[in-house]
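# Chain and residue survey
The residues making up each chain are set out below.
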Amino acid sequence: DVKVTQSSRYLVKRTGEKVFLECVQDMDHENMFWYRQDPGLGLRLIYFSYDVKMKEKGDIPEGYSVSREKKERFSLILESASTNQTSMYLCATSVQRGGVSTDTQYFGPGTRLTVL
Amino acid sequence: DQQVKQNSPSLSVQEGRISILNCDYTNSMFDYFLWYKKYPAEGPTFLISISSIKDKNEDGRFTVFLNKSAKHLSLHIVPSQPGDSAVYFCAASIGGGGAQKLVFGQGTRLTINP
């Protein structure tokens, strides 16, 4: 059973603070993703990574960066938090089979971030 | 530019009846489609998927139908149960190398009434 954990369920930060959201998976999946979920907008991809130290921008990378130093851990960084980054942040993983990624992604429980 | 659209934000169905959730897409390159279910304060969980080479996939009470010419897919739940009350997201991807990115719809909140 895939286990994806996120460091905090709820987080409150102030405008301008640097924020770190951590995601850890225990299934040795190659691919990891960060999404944000907002009402009426669904899930939007921020960044993803298909290998250690590799990262690619998703659809809404502005204001965010990521770090993947170890296979099991993928961090999302808000360099200077703003109120429009108040959202539910979801981490997901997927496996590669024979070097080809599979489509099914497994999600963590999410972090509800509020920026005041 | 919303490539995957769920035009019904909410749906209410009587317990025991059929629930039909709809999803439309605009990108004809999508070749794999998934449905996820999400309870409040939890991450989405995978429900069922379908490849573009098929037009139907069934798993227990859940069936997904794909109409490629109309760029439309639907999820049928029968019979509907109270535990099915959740937000449902459809998602689509394009095959090929690299990490498969999913494009999600806005979600439909399904409420099953006893």
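Refer to the structure above for everything that follows.
Let me begin by describing the structure that accompanies this report. Every residue gets a number counted from 1 within its own chain, in the order that chain's sequence is written. Both sets of labels track the order of writing: A upward for chains, 1 upward for ligands. Local features are withheld for residues below a pLDDT of 70 in this predicted model, meaning they are given only at 70 or higher, and side-chain atom pairs are given and counted only at 80 or more; totals for whole chains, interfaces and linings count all residues. Only hydrogens and water are set aside when side-chain values are computed; all heavy atoms of the structure are taken into account.

## Brief notes about the nonpolar core
Judged by nonpolar contacts, the single largest core of 23 residues is most densely connected at Phe-33, Trp-35, Leu-73, Leu-75 and Tyr-88 of chain B. Counting from the N terminus, the helices are DSSP H or I runs at least four residues long and the strands are E runs at least two residues long. The set of elements that each furnish at least two residues to this core consists of strand S3 (19-25), strand S4 (32-38), strand S5 (45-51), strand S7 (62-67), strand S8 (72-77), strand S9 (86-93) and strand S11 (108-113) of chain B. The leading source of residues in this core is S9 of chain B, at 4 residues. Residue contacts for Tyr-88 of chain B: discarding those within four places in its chain leaves Gln-6, Leu-21, Trp-35, Tyr-36, Lys-37, Leu-47, Leu-75, Ile-77, Gly-107, Thr-108 and Leu-110 of chain B. Note on terminology: a nonpolar core comprises buried Ala, Val, Leu, Ile, Met, Phe, Trp, Tyr and Cys residues joined through side-chain atoms within 4.5 Å. Relative accessible area decides the class of each residue, using a 1.4 Å probe on protein chains only: under 20% of the type maximum gives buried, over 50% gives exposed, and in between gives partly exposed. Counting 20 residues, the second-largest nonpolar core is a separate cluster that includes Val-4, Tyr-47, Val-66 and Leu-76 of chain A. It only takes one pair of heavy atoms within 4.5 Å for two residues to be counted as in contact.

## A few points about the sheet that holds S8 of chain B
By definition, the strands of a sheet pair up through backbone hydrogen bonds, in either a parallel or an antiparallel sense. Residue and element names in this part refer to chain B. Spatially, the 5 strands line up as an open sheet ordered S1-S3-S8-S7-S6, and their pairing is antiparallel. Bordering the open sheet on either side are strand S1 (4-5) and strand S6 (56-59), each of which pairs with just one other strand. For two strands to count as paired, DSSP must find a minimum of two bridges between them. Note: S6 against S7, 4 bridges, orientation antiparallel. In the strand pairing of S7, Glu-58 is matched with Thr-63.

## Overview of the packing of aromatic side chains
What counts as a ring pair is set by centres within 6.5 Å for rings of Phe, Tyr and Trp (its six-membered ring), and what kind of pair is set by the plane angle: stacked under 30 degrees, edge-to-face over 60, tilted for all other angles. Tallying each qualifying case throughout the model produces 13 aromatic pairs over all chains. Taking 6.3 Å as the distance between ring centres and 25° as the angle between the ring planes, the aromatic pair formed by Phe-33 of chain A and Tyr-35 of chain A counts as stacked. The pair Phe-33 of chain A / Tyr-35 of chain A is uniform in exposure class, with both members buried. Taken together, the ring pairs connect Phe-33, Tyr-35, Phe-48 and Phe-107 of chain A together with Tyr-36, Phe-46, Phe-89 and Phe-104 of chain B into an aromatic cluster.

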